[in-house]
Amino acid sequence: MLNKKLGETKIVCILVVILQCMVIIFWGTQKEGLFTDEVFSYEGAKKLGLGMQYWSYEEGFYSSYHTKAEFMERITVEKEDLLIYQPEELKEAFASRDLYYTILNLAHSFYPGHFTIWTGILLNLPFFIFLQFILYKTVYYILSDRVAAVTVMSIYGFSAGAISLVLYPRCYMMLTTFLLLAFYIYLLYMEQKTFWNRMIYL
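Okay, so let's go over this structure. (Residues numbered from 1 in each chain as written. Predicted model: local features only at pLDDT ≥ 70, side-chain atom pairs only at ≥ 80, totals over all residues. Heavy atoms only, no water.)

## Thoughts on the overall build of the chain
And then number 1: When helices and strands are counted, the chain shows 10 helices and 0 strands.
And then number 2: Counting helices and strands in the order they occur from the N terminus, the chain gives α-α-α-α-α-α-α-α-α-α.
And then number 3: Taken across its 202 residues, the chain has 38% of its residues classed as buried.
And then number 4: Across the chain, every contact between residues at least 6 apart in sequence was considered, and the portion connecting residues at least 24 apart equals 68%.
And then number 5: Of the roughly 12100 Å² of accessible surface on the chain, a fraction of 66% belongs to carbon and sulfur atoms. (Helix = DSSP H or I, 4+ residues; strand = E, 2+ residues; numbered from the N terminus. Buried < 20%, exposed > 50% of the residue type's maximum accessible area, 1.4 Å probe, protein only. Contact = heavy atoms within 4.5 Å. Areas by Shrake-Rupley, 256 points an atom, 1.4 Å probe, with all protein chains shown as cover.)

This is how it looks when you write it as C-alpha cells:
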C-alpha cells in the first residue's frame, strides 16, 4: 500500500513538473527583447571573464544610437569563442571564471554563430526541474507529508517568481538550486549522530 502511494506521488510530481515546463515554454514564446542584465549574460558567455568591460559601461553608450547588428555582434557566440574547442581555456574557465557564463558558452556549442533567447531559457530549465525535485524532498523531510510537499512544489513552480527566474538568463536560477540543495544536505547532515556519518555529507 505504501509503495503504491509512493508511486502515485511520483507520477503526480512528474506530471506537475511537465505542466510547469509547458507553462514556462509558453511564456518563453511571449518574450520580446532583452533586459540590460540579460545582454550582460550573453556578452559574458561570448567574452568570458569577470574582469571584462561590458559594452554598456563604455563612455557615451547611452547617449548614442546602436543598431540591431551591433547588438547581435556583441552577444552572438561564434565558433572561435567556444570553450569546447579550447580545452585549456575550458579548464581555466571552470576554475577561475564565472560558472554561469562558462556553462552558457558551452550551451552555444550546439549552434555557434546564431543567437536565440532560448539558449539561456533552456539552460535554466534543467536547474528548475532539479530544484523542484530537491524542494519536494526538503518539504517532505521537514513535514513528513507527501501532499504538502507536492502542494509546495506546485505553488512555487507556477509562481511568477519561479517562471521569471527560468526566463531570465542570469545565474539566479542556478544559485537558487544550489542554495536549496545545500540546505537539504545540511538537514541530512544534522540528522547524523556520529562524527564519521556527518563527515560523509561534508
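This is not the end of the story, as more comes after the structure.
## Side note on a nonpolar patch on the surface
And then number 1: On the surface, a cluster of nonpolar side chains totalling about 690 Å² of accessible area is made up of Ile 11, Ile 14, Leu 15, Ile 18, Leu 19, Met 22 and Phe 158.
And then number 2: Its place among the elements puts Ile 11 in helix H1 (residues 2-29). (Patch = residues over 30% accessible without salt bridge, like charges linked within 9 Å, V, L, I, M, F, W, Y side chains within 5 Å. Salt bridge = Lys/Arg side-chain N within 4 Å of Asp/Glu carboxyl O.)

## Some points on the pattern of salt bridges
And then number 1: For the coordinates displayed, the defined rule picks out 2 salt bridges.
And then number 2: A salt bridge links Glu 38 to Lys 31; the nearest nitrogen and oxygen atoms lie 2.6 Å apart.
And then number 3: Glu 38 gets classed as buried once you look at its relative accessible area, which sits at 3%.
And then number 4: Owing to a relative accessible area of 22%, Lys 31 belongs among the partly exposed residues under this scheme.

## Quick word on the environment of Asp 98
And then number 1: Residue position: Asp 98 is located in the loop between helix H4 (87-96) and helix H5 (99-107).
And then number 2: Sequence spacing of Asp 98 and Ala 45 is 53 residues, and the spatial spacing of their C-alpha atoms is 9.2 Å.

## Let's talk about helix H7 (residues 146-157)
And then number 1: Compared with the 16 Å implied by 1.5 Å per residue over 12 residues, the 16 Å span of H7 between its first and last C-alpha is a close match.
And then number 2: Taken together, the buried positions of H7 are Ala 149, Val 150, Met 153, Ser 154 and Gly 157. Seen end-on, H7 carries its buried residues on one side only, within an arc spanning 130°. For H7, exposure combined with an orientation more than 90 degrees from the buried face picks out Val 147 and Ile 155.
And then number 3: For H7, the N-terminal capping position is held by Asp 145, with its side-chain oxygen 2.9 Å away from the main-chain nitrogen of Val 147. (Expected span 1.5 Å × (residues − 1). Arc of directions from axis to C-beta. Polar contact = N/O pair within 3.5 Å; in protein donor to acceptor, adjacent residues only side chain to side chain.)

## Concerning the packing of helix H6 (residues 118-143) against helix H8 (residues 160-167)
And then number 1: Contact geometry for H6 and H8: axes closest at 7 Å, N-to-C directions at 130°. Judged on the interaxial angle alone, H8 and H6 are oblique. Residues Gly 120, Ile 121, Asn 124, Leu 125 and Phe 128 of H6 lie in contact with H8, whose contacting residues are Ala 162, Leu 165, Val 166 and Leu 167.
And then number 2: Looking at the contact of H6 with H8 residue by residue, the class counts come to 7 nonpolar, 2 polar and no charged. (Axes fitted to C-alpha atoms, helices over the stretch in contact; angles between N-to-C directions. Parallel < 35°, antiparallel > 145°, perpendicular 65-115°, else oblique. Nonpolar A, V, L, I, M, F, W, Y, C, P; charged D, E, K, R; others polar.)

## So, unusual backbone geometry
And then number 1: Despite not being glycine, Ser 144 has its phi angle at roughly 55°, a positive value.
And then number 2: Relative to the helices and strands, Ser 144 is located in the loop between H6 and H7.

## With respect to the nonpolar core
And then number 1: Formed by 38 residues in total, the largest nonpolar core has its most connected members in Ile 24, Phe 128 and Val 166.
And then number 2: Mapped onto this core, the elements with two or more residues apiece are H1, helix H2 (36-47), H5, H6, H7, H8 and helix H9 (172-191).
And then number 3: Residues contacting Val 166, with those up to four places away along its chain left out, are Ile 24, Gly 120, Ile 121, Asn 124, Leu 125, Phe 128 and Met 173. (Core = buried A, V, L, I, M, F, W, Y, C linked by side-chain atoms within 4.5 Å.)

## Focus: the packing of aromatic side chains
And then number 1: Considering all chains together, one arrives at 9 aromatic pairs under this definition.
And then number 2: An angle of 85° between the planes, with centres 6.4 Å apart, marks the rings of Tyr 141 and Tyr 184 as edge-to-face. Taken together, the positions of Tyr 141 in helix H6 and Tyr 184 in helix H9 put the pair 43 residues apart, joining distant regions of the chain.
And then number 3: Aromatic ring contacts, followed pair by pair, group Phe 35, Tyr 168 and Tyr 172 into a single cluster. (Phe/Tyr/Trp six-rings, centres within 6.5 Å; stacked < 30°, edge-to-face > 60°.)

## Considerations on the layout of surface pockets
And then number 1: In this structure, the largest pocket occupies an estimated 300 Å³ of space.
And then number 2: Forming the walls of the largest pocket are 14 residues, and the residues nearest its centre are Lys 10, Cys 13, Phe 133, Tyr 136 and Lys 137.
And then number 3: Mapped onto the lining of the largest pocket, the elements with two or more residues apiece are H1, H6 and H7.
And then number 4: In terms of residue class, the lining of the largest pocket is made up of 9 nonpolar, 2 polar and 3 charged.
And then number 5: Volume-wise, the second largest pocket comes out at about 220 Å³.
And then number 6: In terms of lining residues, the second largest pocket is bounded by 14 residues, among which Leu 34, Phe 35, Val 39, Phe 71 and Ile 75 are the most central. (1 Å grid on protein atoms, 1.4 Å probe; cavity = no way out; pocket = protein on both sides within 12 Å on 5 of 7 lines; lining within 4 Å. Points joined across faces, edges and corners; volume = space filled by probe spheres on them.)

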